[in-house]
Amino acid sequence: MEDITRKLNFLLANLQVQRANLQAVHWNLRGCHSFLTFHGYFGGLYDANTGHIDMIAELVRIHRGSPFISFSRYLRRATISEVSERESMDIEAALNKAFRDNLDIMGQIKDLFASTATNAPDINDYMALMSGDYGKRQWFLTSSMSSSVPAVPKMEEKEEEEEVED
Ligand SMILES: [Fe+2]
């Protein structure tokens, strides 16, 4: 199960960075005619991430692993980049970033779903639940973009280095 807990930890890292990005947009969104709608929507998403983060960390423990806990490690392991204060917080940029972050996580969910069908039904069930949530997010985000859906860059596999204790 070591490989599965490792994959769960990579998902945990992306969920933590995504949560921070969603908070940034929830707080700093500007120049949006539907501010109240999107402020509330992004706030709801980061609340949902909090629930997923807790469950993924607990699944790591259930399967005898140790969840990553430091944010510096999340940033090293995540394929999602963090949003900084310098970035544009207009609605199109925010939707675009949320869309791309979501794609990385959807890829991880599919991979974990495929690799847990027979040996870890609890993880498999949770991946099915997350798949529903993330599919719905993708639908809302793409439906809200004024331009066409951005070209999807191929997801870069992050180099899986040997684990060394920090
Ligand atoms: Fe808030």
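Just so it is clear, the structure is predicted and the values come from calculations on it, not from any experiment.

S.K.: Would you mind going over the overall build of the protein with me for this structure?
M.R.: Looking only at helices and strands, one finds 5 helices and 0 strands in the protein. Going from N to C terminus, the protein has its helices and strands arranged as α-α-α-α-α. For the protein, the proportion of its 166 residues judged to be buried stands at 30%. Considering only contacts within the protein whose residues lie at least 6 apart along the sequence, 77% involve residues at least 24 apart.

S.K.: For this particular structure, what's the right way to read the nonpolar core?
M.R.: One broad trend across soluble globular proteins is that nonpolar side chains are buried collectively. With 24 residues, the main nonpolar core has Leu-11, Leu-12, Ala-13 and Ile-56 as its most contacted residues. When contributions to this core are tallied by element, the ones reaching two or more residues are helix H1 (2-28), helix H2 (35-62), helix H4 (91-115) and helix H5 (121-144). Considering each element in turn, this core owes the most residues, 7 residues, to H1. Apart from the residues lying within four places of it in its own chain, the contact partners of Ile-56 are Leu-8, Leu-11, Leu-12 and Leu-15. Formed by 11 residues, the second largest nonpolar core is a distinct cluster that contains Leu-22, Phe-42, Leu-45 and Leu-141.

S.K.: How should H4 be read in this particular structure?
M.R.: For an α-helix, 3.6 residues make a turn, and residues three or four places apart therefore share a direction. An ideal rise of 1.5 Å per residue puts 36 Å on 25 residues; H4 measures up with 36 Å between its terminal C-alpha atoms. Buried residues of H4: Ile-91, Ala-94, Leu-95, Lys-97, Ala-98, Asp-101, Asn-102, Asp-104, Ile-105, Gln-108, Ile-109 and Leu-112, and no others. Residues of H4 that are buried make contact with H1, H2 and H5.

What counts as what
- Residues numbered from 1 in each chain as written.
- Predicted model: local features only at pLDDT ≥ 70, side-chain atom pairs only at ≥ 80, totals over all residues.
- Helix = DSSP H or I, 4+ residues; strand = E, 2+ residues; numbered from the N terminus.
- Buried ≥ 20, exposed ≤ 12 C-beta atoms within 10 Å, placed from the backbone.
- Contact = placed C-beta atoms within 7 Å.
- Core = buried A, V, L, I, M, F, W, Y, C linked by C-beta atoms within 7 Å.
- Expected span 1.5 Å × (residues − 1).

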